[in-house]
Amino acid sequence: MKILKSFKRNESGATAIEYGLIAALIAVAAIAAFSAVGDSLDSTFTQVSDCLNDAGSGTNCNATTGGSGG
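Worth saying up front: this structure is predicted, and the values here are computed from it rather than measured.

Some thoughts on the overall build of the protein chain
Part 1 of the reasoning: Regarding its fold elements, the protein chain presents 3 helices and 0 strands.
Part 2 of the reasoning: Overall, the protein chain shows an N-to-C arrangement of helices and strands of α-α-α.
Part 3 of the reasoning: For the protein chain, the residues scored as buried account for 3% of the 70 residues in total.
Part 4 of the reasoning: Element-wise, carbon and sulfur atoms account for 64% of the exposed surface of the protein chain, whose accessible area totals about 6100 Å².

Written out as structure tokens, the structure is:
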């Protein structure tokens, strides 16, 4: 009987599961944030790449990317 009572009072497994769920939630939030930042960076680097490719033709990239010009 003592073993069953001590097993019932032992909550260390529940605490470990709670910490695991918190860590999983943080990981999901971090993945979502990194994905959004990655999409933004991809767009920025694509614009920069296009401007560098067009640099020889004299195209003004500042007009298309929101730069200050000159």
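Thoughts on the confidence of the model for the protein chain
Part 1 of the reasoning: When pLDDT is averaged along the protein chain, the result is 79; 71% of the residues meet or exceed 70.
Part 2 of the reasoning: For the protein chain, the element scoring lowest by mean pLDDT is helix H3 (residues 62–65), at 55; helix H2 (residues 12–54) scores highest, at 89.

Comments concerning a nonpolar patch on the surface
Part 1 of the reasoning: On the surface, a nonpolar cluster with roughly 360 Å² of combined accessible area is contributed by Tyr19, Ile22 and Ile26.
Part 2 of the reasoning: Within the element layout of this structure, isoleucine 22 appears in helix H2.

What counts as what
- Residues numbered from 1 in each chain as written.
- Predicted model: local features only at pLDDT ≥ 70, side-chain atom pairs only at ≥ 80, totals over all residues.
- Heavy atoms only, no water.
- Helix = DSSP H or I, 4+ residues; strand = E, 2+ residues; numbered from the N terminus.
- Buried < 20%, exposed > 50% of the residue type's maximum accessible area, 1.4 Å probe, protein only.
- Areas by Shrake-Rupley, 256 points an atom, 1.4 Å probe, with all protein chains shown as cover.
- pLDDT = per-residue confidence, 0-100.
- Patch = residues over 30% accessible without salt bridge, like charges linked within 9 Å, V, L, I, M, F, W, Y side chains within 5 Å.
- Salt bridge = Lys/Arg side-chain N within 4 Å of Asp/Glu carboxyl O.

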